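Overview (structure and organization)
Here are the chains, one letter per residue:
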Amino acid sequence: MSFTWTMQKQLEEVRSVLKEVGEDTLKALLMIDAVQRLGIDYHFHGEIAVVLERLYKKFNMSECHSDLYKLALGFWLLRQEGYYVNVFNNLKDKDGKVQGKISQDIEGLMGLYEASHLSIRGEDILEEMGNFSSQLLNAWNTNDDQSQARIVRNTLGNPHHKSLARFMAKSFLSDFQGTEGWIYGFKELANDFNIVKSVHQKEIRQVSKWWKDLGLAKELKFERNQPLKWYMWPSAVLPHPSLSEQRVELTKPISLVYIIYDIFDVHGTLDELNLFTEDVNRAIEPLPDYMKTCFNALNGITNETSSKWAILCNAFLVEARWSSVGHVPKADVYLKNGIISSGVQMVLVHMFFLLGHGITKRNIDIVDDFPGIISSAATILRLWDDLGSAKDENQEGHDGSYLDCYMKKNPGMSIENARCLLCILFQRHGSSSTSNASFQIHFLHISQRLASMLQ
């Protein structure tokens, strides 16, 4: 992507501001938060890393603890970059209760609520702070200060960690409180929408051409013909304009996950599905013509990920067999299979290699181990999809859901209570998707953006 002379000048100006922020902790945090919320942080990875490294070294000092908003903002900016900090126990008094003085700090409570979405399993203090801040913010939401109330509602409804920056940038700018001159430079730089738009339009044309040339739309009359929808996933999780080729290439496996899912869930007979799965596993069995077309398309985009496609189809086949005999599995059995049949593992593995991670034994071992960052994102999709059900897409599938399985084994429980338990499980996996030391931070960010889309 090429930049105009004016934009290049703006880039250098913002870089200079970030480099010269000095020892002003709050100013540094606000700047980093701003470039991330405006979706332009990909320009400044180096500068942001330097500032956060400096902040991390001093973050446990008392200076950062005197301001609740500074404490919360520093926590979530550091945590999402892989720094482990644990500072919120200081918000409790000697009796273990949350200090009453913070209950009137609305800005601080919003920061605390944002920070609570980056907890990891076992961090009870963050869950407690999230509930505490949520209750107070919801109660304050009816305040007469309409401007502040709107910001509170936006924070509660669209926490940063569960939102996509480009879609929330306009709201952030309208809600930004302060007279700092640097925000105007950031705002101007964020107006690169026209350039980014032209890049995406070119990619959409490439995806549409690939889909048309593939011929699946003609051969498979029943499948979802939605190349634009499939492209939206990589465009959201790979926002950097330079990743054009990766967005186009990632759309291809995503589209085939959807197509193969429909074949298994709606259209194929059990005998045909057995043949298809065996062919993906060993590539030897004869297939019906409509399946051959899909199988040939699959062969056209797979290489080091072929074994993962076999695992995905095996999971689809398990669900088809359950459905053919009316079997309702135990909820935990369903979910174990369901996080594979979600297709998320397949998509993230493709993305892992598309981002340039070499095909080494170490990297293959990493993805084969189904690490937490991948399994959590997959679990989130499965639970979220089950909460909404296939009706959202007018599908006629019959692969069941976690809710169905849970209710079958607990017939005395109301559907409302079952949904509440499902939401708790969903939230637990949402918080566990924030950290995994096996991956580079760049891949972690992408996986987190995927989890954000799913929520």
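Here's a quick rundown of the structure. Values in this document were obtained by computation on a predicted structure and should not be read as measured data.

**What about the packing of aromatic side chains?**
- Counted under the stated rule, the structure contains 8 aromatic pairs.
- Arranged with centres 4.9 Å apart and planes meeting at 65°, the rings of F75 and F88 form a pair that is edge-to-face. Within this pair, whereas F75 is found in helix α4 (residues 68-79), its partner F88 is found in the loop between α4 and α5 (106-116), the two being separated by 13 residues in sequence.
- With a relative accessible area of 0%, F75 lands in the buried category.
- The exposure class of F88 is buried, given its relative accessible area of 1%.
- Aromatic pair W230 and Y258: ring centres 6.1 Å apart, planes at 25°, arrangement stacked. Of this pair, W230 sits in helix α12 (residues 227-237) while Y258 is found in helix α13 (residues 244-267), placing the two residues 28 residues apart along the sequence. Both residues of the pair, W230 and Y258, belong to the buried class.
- Feature note: the residues W210, W211, W230 and Y258 constitute an aromatic cluster, connected by ring pairs.

**With respect to the nonpolar core**
- The biggest cluster of nonpolar side chains holds 60 residues, and the ones touching the most others in it are F44, L52, F75, F88, L137, W182 and F186.
- Looking at which element gives the most residues to this core, the answer is α4, with 9 residues.
- Those residues in contact with L52 that sit more than four places away from it in its chain are I32, L77, L78, E81 and Y83.
- Core analysis: the second largest hydrophobic core is formed by 47 residues, L238, W309, A320 and V347 among them.

**Focus: the environment of S255**
- Considering the arrangement of structural elements, one finds S255 in helix α13.
- S255 sits in the buried class, given a relative accessible area of 0%.
- In this structure the C-alpha to C-alpha distance between S255 and N225, which are 30 residues apart in sequence, comes to 9.2 Å.

**Topic: helix α7 (residues 146-157)**
- With 12 residues, α7 should reach 16 Å at 1.5 Å per residue; the first-to-last C-alpha distance of 16 Å fits that figure.
- Within the sequence span of α7, burial applies to Q148, A149, I151, V152, T155 and L156. Here the buried residues of α7 occupy an arc of 160° about the axis, which is enough to place them on one side. Exposed and facing more than 90 degrees away from the buried side of α7 are Q146 and G157.
- Elements in contact with the buried residues of α7: α5, α6 (124-140) and α8 (165-175).

**Observations regarding the pattern of salt bridges**
- Going through the model one piece at a time under the given rule, you end up with 7 salt bridges.
- For E114, the salt bridge goes to R37, with nearest N and O atoms at 3.3 Å. Here E114, found in helix α5, pairs with R37, found in helix α2 (residues 25-37); they are 77 residues apart in sequence, far enough to count as distant.
- In this structure, the salt-bridge partner of K252 is E249, at a minimum N-O distance of 3.1 Å. Placement of both K252 and E249 in helix α13 is noted, with a separation of 3 residues, approximately one turn of the helix.
- Among the residues examined, E249 registers a relative accessible area of 30% and is labelled partly exposed.
- The network of salt bridges with shared partners includes E12, R15 and E47.

**A few points about a nonpolar patch on the surface**
- A surface patch of nonpolar side chains, amounting to about 320 Å² of accessible area, comprises F167, L228 and M232.
- Note on placement: F167 falls in helix α8.
- Owing to a relative accessible area of 59%, F167 belongs among the exposed residues under this scheme.

**A look at helix α18 (residues 344-354)**
- In terms of burial, α18 is a largely internal element, 10 of the 11 residues being buried.
- Turning to α18, its buried residues number three or more, namely V344, Q345, M346, V347, L348, V349, H350, M351, F352 and F353.

**As for the packing of α13 against α18**
- Contact geometry of α13 with α18 gives a least axis separation of 10 Å together with a crossing angle of 160°. As summarised for this structure, α13 and α18 are arranged roughly antiparallel, according to the angle between their axes. For the element pair α13 and α18, the recorded crossing hand is right-handed. For the pair α13 and α18, contact is made by Q246, E249, L250, P253, I254 and V257 and by M346, V347, H350, M351 and L354, respectively.
- Among the residues making up the contact of α13 with α18, the classes are represented as 8 nonpolar, 2 polar and 1 charged.

The rules behind these values
Residues numbered from 1 in each chain as written. Predicted model: local features only at pLDDT ≥ 70, side-chain atom pairs only at ≥ 80, totals over all residues. Heavy atoms only, no water. Phe/Tyr/Trp six-rings, centres within 6.5 Å; stacked < 30°, edge-to-face > 60°. Helix = DSSP H or I, 4+ residues; strand = E, 2+ residues; numbered from the N terminus. Buried < 20%, exposed > 50% of the residue type's maximum accessible area, 1.4 Å probe, protein only. Core = buried A, V, L, I, M, F, W, Y, C linked by side-chain atoms within 4.5 Å. Contact = heavy atoms within 4.5 Å. Expected span 1.5 Å × (residues − 1). Arc of directions from axis to C-beta. Salt bridge = Lys/Arg side-chain N within 4 Å of Asp/Glu carboxyl O. Patch = residues over 30% accessible without salt bridge, like charges linked within 9 Å, V, L, I, M, F, W, Y side chains within 5 Å. Areas by Shrake-Rupley, 256 points an atom, 1.4 Å probe, with all protein chains shown as cover. Axes fitted to C-alpha atoms, helices over the stretch in contact; angles between N-to-C directions. Parallel < 35°, antiparallel > 145°, perpendicular 65-115°, else oblique. Left-handed = near helix turned anticlockwise from the far one by under 90°. Nonpolar A, V, L, I, M, F, W, Y, C, P; charged D, E, K, R; others polar.

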